[in-house]
Amino acid sequence: MNQAMTRDQLLRRGAAGLTVLSLPSLLAACGGGGGGGGTSSKPNDVLNFANWPYYIDTPATLKKAGIDRPTTLKQFEAKTGIKVNYYVEINDNPGYFAKVEGRLSQGDGIGRDIIVSTDNDKFLGEYIANKWVQKLDKSLIPNIKNLIPAQQHPPFDPNRDYSLPWASGMDGIAWNEKVSDPVTSVKQLLEDPKLKGRVGVWNTMGDTLGLVLLENGDDPAKVTDASFNRALARIKKAVDSGQILKFYGNDYAPVLAKGDLAATMAWSGDIANLADPHLHWVVPDQGGIIWTDNMIIPLGGSVPTASTYMNFMYGPEISAQWALGANYISSVTGVKQAAENLDPKAASNTLTFPTSQTLSQMHQNDPAMLTSKKYEKEWLAVQGQ
Amino acid sequence: MLWLAIFFLVPMGFLGYQSLQSGDFPHFHFTWEFSNYWNVLHSNHDGGYREQYIRSFVYAGIATAACLVLAYPLVYWIAFRAGPWRNLFLLFIVAPFFVTYLVRTLAWLNILANEGPVVRILRDVHVLGPNGRLLATTFAVVSGITYNFFPFMALPIYVSLEQIDARLLEAAKDLYASPTRAFFRVTLPLSAPGIVAGTLLTFIPAAGDFINAYFLGTPNQQMIGNVIQAKFLQSLDYPTAAALSFILMGTIMVMLLVYARIVGTEKLTG
């Protein structure tokens, strides 16, 4: 039973407890990542690279693609002697932003030399506008000349001073043939009564409304109040009628594979990676959205080390191997020819190497729509938030 | 008092300070912005979040009642009838907590899946229509909350029941009380502190929950926790998120005072 503690004992024990509890956070604050970072002009021995999952070639995926070479990371380490600490710690843009904004807003580093953020969400623009990123050292990136023309002058970084593409992906529609007939248009997705209650869309405004804007015949790269309202009304109607089951993040793919979703808006790479023969992905009839995840160098990261890595990844042969292993789209010129040399069969995968006809159906989001507070509030309201 | 100051007053003070700021991320300024509070109390149609507040309290209330109804018989049995096995059964109650909250909730996605056994059985016996589903419904969200907070209700009631002196029940029997009467006149009142503690420990965190609505619900099931999360992480609108949190806390505190007045504060301390 209780023994009464004297006040003195309580104070002493409380102070001891507080000290013990605060030790881990003090240690973490002092730690700050696995070495590296800093202000020297030569590359370090270590590169700290934070990235999304399933975004790099691994021994398993290379084996499946029939490529008998070490991974691109290992080849980089062998060529430059720089060890890579690869952190798969980014799962969504807002979550990672929240994790790092505290330190970056104080001007502190986060223990990473490269992080990756998406261009069709507002956070990439926030990093750059708040000056939480460092300029690339282009003298160490001669391969920047291999950047495809379509990616050379994006609105958030017109001279490519701060960022380079890591991977691109396409927004489209996927369906599970076990529970549904082919679904090829956003109109069908949002209005076909046979799909009621088994349709998924994304919780990100650029992706979902981008596709609906295209279905409405509007331009997702130049959004007006009228076109935004039209697109939003269409989604709201589908929510109210019970057509849309849920607004998903990364997590729609297993639900689709299980059959709880009949059809959903989906990213090309996810379907390629699942390699489930019952799942099919198409570009919607009225067009799709293409987005790009970009590498940026946060404050406190080592610019020479990061730039050296970026230059390595922009060689066509290395990029081709990466694309075949990661199943996402590279922004390097000549990557498809290089891929054909590595594995002709895998190089014919149009999800990873889209034809120019597919690319011509792709559109990009309007950054003004992504950063508008009014639009964001209305978008969240449709989701009940 | 030092504890209270460090772990409660300082964070609350900072939250209150932040709730009266205005501006765009990351440049917020303190401007006595009481409109942050006023704006969020309107209905959804007018740009506020009143429906989510009401829904959160309704869901938390239903889940608390469900937890009570489910937990009480279980822990009664464990306290009085389980004998040497009681620790094992207590372990069963607590065991899901060895798995993280997120994963526990995700497990329900599999349990309530359309192709899973639960839905299939319910469709076969025509409780659900042929295309009926359990996921993405109010039922799924409230069930998830009930499941996740069940130990918070069960364990305090168990502690209360275990402390009941068996001789009191013997005395009741000697005084010609039937078992039912003995329960209502002796056991139940003596377990009241546990019930009060359990309902508080369940209702208060459940009202602010967002994980269950996020994974198991549609836009029509979103709770105030989801709104706060979206305001904080997606909109980067920290002042509004802080104001929403303060209103939630304030409302719960008022409910708590009313509750304490009704049950009498002696019951809280036993």
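Residues numbered from 1 in each chain as written. Chains lettered and ligands numbered in written order. Predicted model: local features only at pLDDT ≥ 70, side-chain atom pairs only at ≥ 80, totals over all residues.

Visitor: Hey, could you run me through the overall build of chain B in this one?
Guide: When helices and strands are counted, chain B shows 14 helices and two strands. Reported as C-alpha extents along the three principal axes, the dimensions of chain B are approximately 70 × 55 × 30 Å. Across chain B, contacts joining residues at least 24 apart in sequence account for 66% of those joining residues at least 6 apart. (Helix = DSSP H or I, 4+ residues; strand = E, 2+ residues; numbered from the N terminus. Contact = placed C-beta atoms within 7 Å.)

Visitor: Quick question: what am I supposed to make of the interface of chain B and chain A here?
Guide: Interface size, as often reported, equals the accessible area lost upon joining of the parts. Facing 20 residues of chain B, the contacting portion of chain A comprises 20 residues. Looking at the side of chain B that touches chain A, the elements with two or more residues in it are helix 1 (2-19) and helix 12 (224-234) of chain B. Along the lines of polarity and charge, the residues of the side of chain B that touches chain A split into ten nonpolar, eight polar and two charged. (Nonpolar A, V, L, I, M, F, W, Y, C, P; charged D, E, K, R; others polar.)

Visitor: Even after reading the chapter, I still don't get the packing of helix 3 (residues 50-81) of chain B against helix 12 of chain B, so can you show me in this structure?
Guide: The description of two helices packed together rests on the angle between their axes and the distance between the axes. Residues and elements named next belong to chain B. It is at 7 Å that the axes of helix 3 and helix 12 come closest, and there the two elements cross at 130°. As far as their axial angle goes, helix 12 and helix 3 are oblique. Together, Gln52, Tyr53 and Ser56 of helix 3 and Ile224, Gly225 and Val227 of helix 12 make up the contact between the two elements. (Axes fitted to C-alpha atoms, helices over the stretch in contact; angles between N-to-C directions. Parallel < 35°, antiparallel > 145°, perpendicular 65-115°, else oblique.)

Visitor: Whenever I open this one, the environment of B:Leu168 confuses me. Can you help?
Guide: For B:Leu168, the location among the structural elements is in helix 8 (residues 166-174). As a C-alpha pair, B:Leu168 and B:Ala182 span 14 residues in sequence and 9.2 Å in three-dimensional space.

Visitor: What's the story with the domain arrangement of chain A in this structure? I'm lost.
Guide: Residue and element names in this part refer to chain A. Entries for chain A in the domain assignment read domain 1 (46-168 + 291-352) and domain 2 (170-290 + 363-382). Just the C-alpha atoms count here: the centres of domain 1 and domain 2 sit 26 Å apart. Residue-level contacts link 16 residues of domain 1 with 17 residues of domain 2. Class assignment for the residues of the side of domain 1 that touches domain 2 results in six nonpolar, seven polar and three charged. (Domains from an automatic or database assignment.)

Visitor: Just checking my understanding: could you explain helix 8 (residues 225-240) of chain A for this structure?
Guide: What sets the pattern is the α-helix's 3.6 residues per turn: residues three or four places apart point alike. Residues and elements named next belong to chain A. Between its first and last C-alpha atoms helix 8 spans 22 Å; for 16 residues at 1.5 Å apiece the expected length is 22 Å, and the two agree. All of the buried residues along helix 8 are Ser227, Phe228, Ala231, Leu232, Ile235, Ala238 and Val239. When helix 8 is viewed along its axis, its buried side chains cluster within an angular range of 125° and face the same direction. Within helix 8, the exposed residues directed more than 90 degrees away from the buried face are Asp225, Ala226 and Asp240. (Expected span 1.5 Å × (residues − 1). Buried ≥ 20, exposed ≤ 12 C-beta atoms within 10 Å, placed from the backbone. Arc of directions from axis to C-beta.)

Visitor: How should unusual backbone geometry be read in this particular structure?
Guide: Working note: non-glycine residues mostly have negative phi, and peptide bonds are mostly trans. The amide bond that connects B:Phe25 to the next residue, B:Pro26, takes the cis arrangement and shows omega of -10°. Inspection of the secondary structure assignment puts B:Pro26 in the loop between strand 1 (21-24) and strand 2 (27-30). Its identity as a non-glycine residue notwithstanding, A:Tyr54 has a phi of 55°, on the positive side. Relative to the helices and strands, A:Tyr54 resides in the loop between strand 1 (46-51) and helix 2 (59-64). Of note in the backbone geometry, A:Asn327 takes a positive phi value of approximately 65° without being a glycine. For A:Asn327, the location among the structural elements is in the loop between helix 12 (316-326) and helix 13 (335-342).

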